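As a plain string of letters, each chain reads:
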Amino acid sequence: MQSINLNPRFLPPRVNLAGLYEKEGDLERAIRIYQEIVVLMPGHSPVHAKLAHLHIKNGDTDAALSQYQHLLAVAPQFDEDIALKIGLLHYEQGNFADAEKLFERIIELNSENQHARYYLGETYIKTNNPEKATRAFQAVTPDSDLFPQARIQIAFIHRQAKDYHSAQQVLQEALELYPSDITLYHALAIAQAENKDYENAIQTLQKALEYEPEEEYLLLYLGHLHQKAGRFDESIAVMRAVLDINANNADALNFIGYMYAERNIH
């Protein structure tokens, strides 16, 4: 504090103090210090970026949005990373029209921006435009880490239209490229179960469990599928396997209790 008093415009002590407050979880004090720096040195972009980050951690999306919008306005050229952050904040706030415009602008300038394409698809889903959403998700390339989720979203659109064959086809093709992605197996099992193809849905989940044998949400769904297929003993055995992994899993406990109560057992 003494060095700050001696030279208020010397940034390192203030930045270090703000960092200490952030580390201690006192985000309000950290934010106040960065706001003081902004007053002393207006236009200092790294400080505005740090303020935006802290506002997000503090749950104040409006304040974060204001900081990012300032950064975008003063950037020497259109900054797609900042624009993407603004678009995501608009999306989070339910302001889908502004989010859509920003994602489209990013893609217009850089057609290879996979995150903008993916979140544009998400935005189109929110605005009930499945055809545009499908095209946006289809543009996400296999080398992107968002590719599996993009294909899951395309399958979701097909499922909404009750086109279970197309949903399954999309996911099976994705699994050829990502054969160990359990989220794809889970989505495929859902599509198969919605088509009342419980046997294949069970086999799909069992394949996923070869990669992640203790993944609770897969086991829970497998237990429900056994129950839908009329296999009481198998469903209980799977739920007990969940409890072996996590004795406090409320879904498994509730399922077993309900199944026993329904049959007047135990």
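Residues numbered from 1 in each chain as written. Predicted model: local features only at pLDDT ≥ 70, side-chain atom pairs only at ≥ 80, totals over all residues. Heavy atoms only, no water.

## So, the overall build of the chain
- In terms of helices and strands, the chain carries 16 helices and zero strands.
- Here the chain has a C-alpha radius of gyration of 25 Å; the compact-globule value for 266 residues is 18 Å, and the former is much larger.
- If you line up the chain on its principal axes, its C-alpha atoms span 75 × 45 × 30 Å.
- Excluding contacts between residues fewer than 6 apart, the proportion of contacts in the chain whose partners are at least 24 apart in sequence is 41%.
- Summed over all atoms, the accessible surface of the chain reaches about 14600 Å², with 48% contributed by carbon and sulfur.
- Side chains of the chain give 23 positive and 37 negative charges; the mean places of these two sets differ by 5 Å. (Helix = DSSP H or I, 4+ residues; strand = E, 2+ residues; numbered from the N terminus. Rg over C-alpha atoms; globule rule 2.2 N^0.38 Å. Contact = heavy atoms within 4.5 Å. Areas by Shrake-Rupley, 256 points an atom, 1.4 Å probe, with all protein chains shown as cover. Lys, Arg positive; Asp, Glu negative; His and termini not counted. Charge placed at Lys NZ, Arg CZ, Asp CG, Glu CD.)

## Notes on the pattern of salt bridges
- Taken as a whole and assessed by the stated rule, the structure comprises seven salt bridges.
- The residue Arg-159 makes a salt bridge to Glu-194 at a minimum N-O spacing of 2.8 Å. Here the residue Arg-159 occupies a position in helix α10 (residues 147–160), and Glu-194 occupies one in helix α12 (residues 182–194), the gap between them amounting to 35 residues.
- For Glu-194, a relative accessible area of 34% corresponds to the partly exposed category.
- Close ionic contact of Arg-231 with Glu-199 constitutes a salt bridge, the shortest N to O distance being 2.8 Å. Placement of the pair is Arg-231 in the loop between α14 (216–228) and α15 (232–245) and Glu-199 in helix α13 (residues 198–211), with a sequence separation of 32 residues.
- Look at Arg-231 and you get partly exposed, because its relative accessible area is 27%.
- Glu-199 sits in the partly exposed class, given a relative accessible area of 38%. (Salt bridge = Lys/Arg side-chain N within 4 Å of Asp/Glu carboxyl O. Buried < 20%, exposed > 50% of the residue type's maximum accessible area, 1.4 Å probe, protein only.)

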